[in-house]
Amino acid sequence: MEMFFDNYIVGTFLVSLFAFLFLFILRRYNNNNNNDNNTRKKRFETGYSREIKTQTGAGKGECSPGNGSGDDVIIVGAGVAGAALAYTLGKDGRRVHVIERDLTEPDRIVGELLQPGGYLKLVELGLEDCVEDIDAQRVLGYALFKDGRNTKLSYPLGKFQADVSGRSFHNGRFIQRMREKAATLPNVKLEQGTVTSLLEEKGTIIGVQYKTKDGEELRAYAPLTIVCDGCFSNLRRSLCNPKVDVPSCFVGLVLENCELPFSNHGHVILGDPSPILFYPISSTEVRCLVDVPGKKVPSVANGEMANHLKTVVAQQVPPELRDAFIAAVDKGNIRTMPNRSMPADPHPTPGALLMGDAFNMRHPLTGGGMTVALSDIVVLRDLLRPLHNLHDAASLTSYLESFYTLRKPVASTINTLAGALYKVFSASPDEARKEMRQACFDYLSLGGVFSTGPVALLSGLNPQPLSLVLHFFAVAIYGVGRLLLPFPSFQRMWIGARLIWSASGIIFPIIKAEGVRQMFFPATVPAVYRAPPVVN
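Residues numbered from 1 in each chain as written. Predicted model: local features only at pLDDT ≥ 70, side-chain atom pairs only at ≥ 80, totals over all residues. Heavy atoms only, no water.

Looking at an unreviewed UniProt entry, one finds the protein chain named Squalene monooxygenase, with Gossypium mustelinum as its source organism. As stated in UniProt under Catalytic activity (unreviewed entry), the record for the protein chain gives "squalene + reduced [NADPH--hemoprotein reductase] + O2 = (S)-2,3-epoxysqualene + oxidized [NADPH--hemoprotein reductase] + H2O + H(+)". As its UniProt record puts it under Function (unreviewed entry), the protein chain is described as follows: "Catalyzes the stereospecific oxidation of squalene to (S)-2,3-epoxysqualene, and is considered to be a rate-limiting enzyme in steroid biosynthesis." (UniProt positions renumbered as here; feature names shortened; annotations may be inferred.)

Below you can see the structure in the form of structure tokens.
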């Protein structure tokens, strides 16, 4: 009884200390975020614009804004975000001009897993048939592997219709289906061309300058230009403050004719030094993504990568997949892709908006990018629906500032979880980080609310930032409890304190980047309550 009482005192002390640290850091980050917002506002008011080309008049054969081009919206890029947005706005009666650099089918190794929350947004947009006839596979949850142990984590889908689940597929097939569907609308025009700059007049974006497939330089005008040109966007610097981080690279392989240990599930191996992913992308193919920390990867050309995959990675792959993995390496179709992270940090610019990966990115470990993009489109569609005229740029910009807050519940939850999970799932020589990693695996293995809660967050079915923070620190406290029971020692208490500190160091910088006020107290942001502008 005495020992139990001592443990209770120690536990109460640590929890109280954690609560104090949480409130202190949250308040500090909130103050810093407000200061950053004031700085950005001043920069915008002084005319911050680095890549915008000033438009002084229409050239020969061009349609000037005054003459009216007939377009309501120009969309730059026809990837997942651009194609879905084009169909959505076109279905609402907008005249949409989409300019895409390459309209042939893309071939990428990411953007292949759509979470259930993203599928629900697809249904809301009327695009659910775009995952049909492309050999897409249903995904019902995840399987987690660590040190020879595994646990299955199922999506909490009991309250939804039978067709609701995740979907995995070839990214290019999915995009082509959405492009084709958008092109069926008579008021949507898809054109292949490369946008070279935004056109600006008196502080307002009035259109774009682009080069056609044949090399002809043209200009297009519309009262609203939405930039969706992806993670390598060359236009975002004029519309946001990009802070791009590249924590790692994915090395992609396709395994053929093999069975996953858990069918219809994504597989996450907590490898060394970082996670390895497997998920189906067709009825006969399994995508493998090997995370390699840092910006550089072993060379594919000289065989270093193949040697690394065979000697370091293969032994960490589940035995059921090992032969297929080695066969895929020997086949030689090894692809690499930098994993980019960039918090949303926009400059509200009259006449223009950013969407998709051009606007906001997170580590692709959790497959949340398409869910965020589709959720953003739903928010923007609902904001634009009451507007019959988009030509009052100043009023429209003020009104659309609410977009940046209304998108936060889904976007900030998925972004924060992706960044935090990647750091927790990656191996580390630090003893506290090792304990955090093991605690996360054991916590999820408990089942019940301990697994369904985090999986609901990951899947986009429960976009609640506060729930994310509570589960994250529940994992940390669970890890401390493992250390202190049954016999606490000074060394274990020290590791436990460092574990809490390490957990805070992982999640609080991500929360700061997302915006504390917008993330946790969106109702206090004035822009949320702005009424649609009345244009005569």
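Draft legend 1. Fine view of the pairing of strand 2 (residues 73-76). Here strand 2 shows a buried face lined by V73 and I75 and a second buried face lined by I74 and V76. Inspection of the sheet shows strand 2 paired to strand 3 (residues 96-100) by four bridges, in the parallel sense. For I75, the partnering residue across the bridge sits in strand 3 and is V98. Bridging between strand 2 and strand 12 (residues 224-227) involves four bridges; their strand directions are parallel. Directly across from V73, in strand 12, lies its bridge partner L224. (Buried < 20%, exposed > 50% of the residue type's maximum accessible area, 1.4 Å probe, protein only. Helix = DSSP H or I, 4+ residues; strand = E, 2+ residues; numbered from the N terminus. Pairing = 2+ DSSP bridges.)

Draft legend 2. A look at the packing of helix 5 (residues 304-313) against helix 6 (residues 319-331). Where helix 5 meets helix 6, the closest approach of the two axes is 9 Å, and the angle between their N-to-C directions is 165 degrees. Between helix 5 and helix 6, the crossing angle belongs to the class labelled roughly antiparallel. Considering the relative orientation of helix 5 and helix 6, their crossing is left-handed. Counted together, A306, L309, K310 and V313 of helix 5 and F325, I326, V329 and D330 of helix 6 form the full contact between these two elements. (Axes fitted to C-alpha atoms, helices over the stretch in contact; angles between N-to-C directions. Parallel < 35°, antiparallel > 145°, perpendicular 65-115°, else oblique. Left-handed = near helix turned anticlockwise from the far one by under 90°. Contact = heavy atoms within 4.5 Å.)

Draft legend 3. Broad picture of helix 10 (residues 408-425). Between the first and last C-alpha of helix 10 there are 25 Å, a value that for 18 residues agrees with the 26 Å anticipated at 1.5 Å per step. A large share of helix 10 lies buried, amounting to 16 of its 18 residues. (Expected span 1.5 Å × (residues − 1).)

Draft legend 4. Structural detail: the sheet that holds strand 15 (residues 276-280). If you walk across this open sheet you meet the seven strands as 7-6-14-15-16-13-17, and the pairing is mixed. Each end of this open sheet is capped by a strand with a single partner; those strands are strand 7 (149-154) and strand 17 (335-341). On average, each strand axis in the sheet is inclined to that of its neighbour by 20 degrees, with strand direction left out of account. Looking at chain direction, strand 6 (residues 141-146) and strand 7 are connected through six bridges and run antiparallel. Counted as the bridge partner of L144 is T151 from strand 7. The strands that helix 5 touches are strand 13 (245-256), strand 15, strand 16 (285-293) and strand 17; relative to strand 13, the one it contacts most, it runs at about 80 degrees. Docked against the sheet, helix 6 engages strand 13, strand 15 and strand 16, running at close to 100 degrees with respect to strand 13.

Draft legend 5. Looking closely at the nonpolar core. Counting residues in hydrophobic clusters, the biggest one holds 128 residues, and the most contacted among them are F174 and I226. Among all residues touching F174, those that are not within four sequence positions of it are V80, L122, C130, V131, I134, F169 and M370. Residues V251, C288, M305 and F325 belong to the second largest nonpolar core, which totals 25 residues. (Core = buried A, V, L, I, M, F, W, Y, C linked by side-chain atoms within 4.5 Å.)

Draft legend 6. Fine view of the environment of E304. For E304, the location among the structural elements is in helix 5. Residue E304 is classed as partly exposed on the basis of its relative accessible area, which comes to 44%. When residues no more than four places from it in sequence are discounted, the contact partners of E304 are P298 and S299.

Draft legend 7. Just the environment of I477, in detail. Examined against the element boundaries, I477 turns out to sit in helix 13 (residues 465-484). When the C-alpha positions of I477 and A439 are compared, they lie 8.9 Å apart, and in sequence the two are 38 residues distant.

Draft legend 8. Quick look at the UniProt feature "transmembrane region" (unreviewed entry) in the protein chain. Mapped onto this structure's residue numbering, the UniProt feature "transmembrane region" (unreviewed entry) falls at residues 7-26, 443-461, 468-487 and 493-511. Helix makes up 85% of residues 468-487 and strand makes up 0%, while its end C-alpha atoms are separated by 30 Å.

Draft legend 9. Molecular detail of unusual backbone geometry. Following D272, the chain continues into P273 via a peptide bond in cis, with omega recorded as 15 degrees. Residues L485 and P486 are joined by a peptide bond in cis, for which omega reads 5 degrees. Mapped onto the elements, P486 comes out in the loop between helix 13 and helix 14 (490-514). Despite not being glycine, D133 shows a phi value in the positive range, around 60 degrees. Note on placement: D133 falls in the loop between helix 3 (116-124) and strand 5 (137-139). Located in the positive-phi region is D147, a residue other than glycine, with phi close to 50 degrees. Mapping D147 onto the fold places it in the loop between strand 6 and strand 7.

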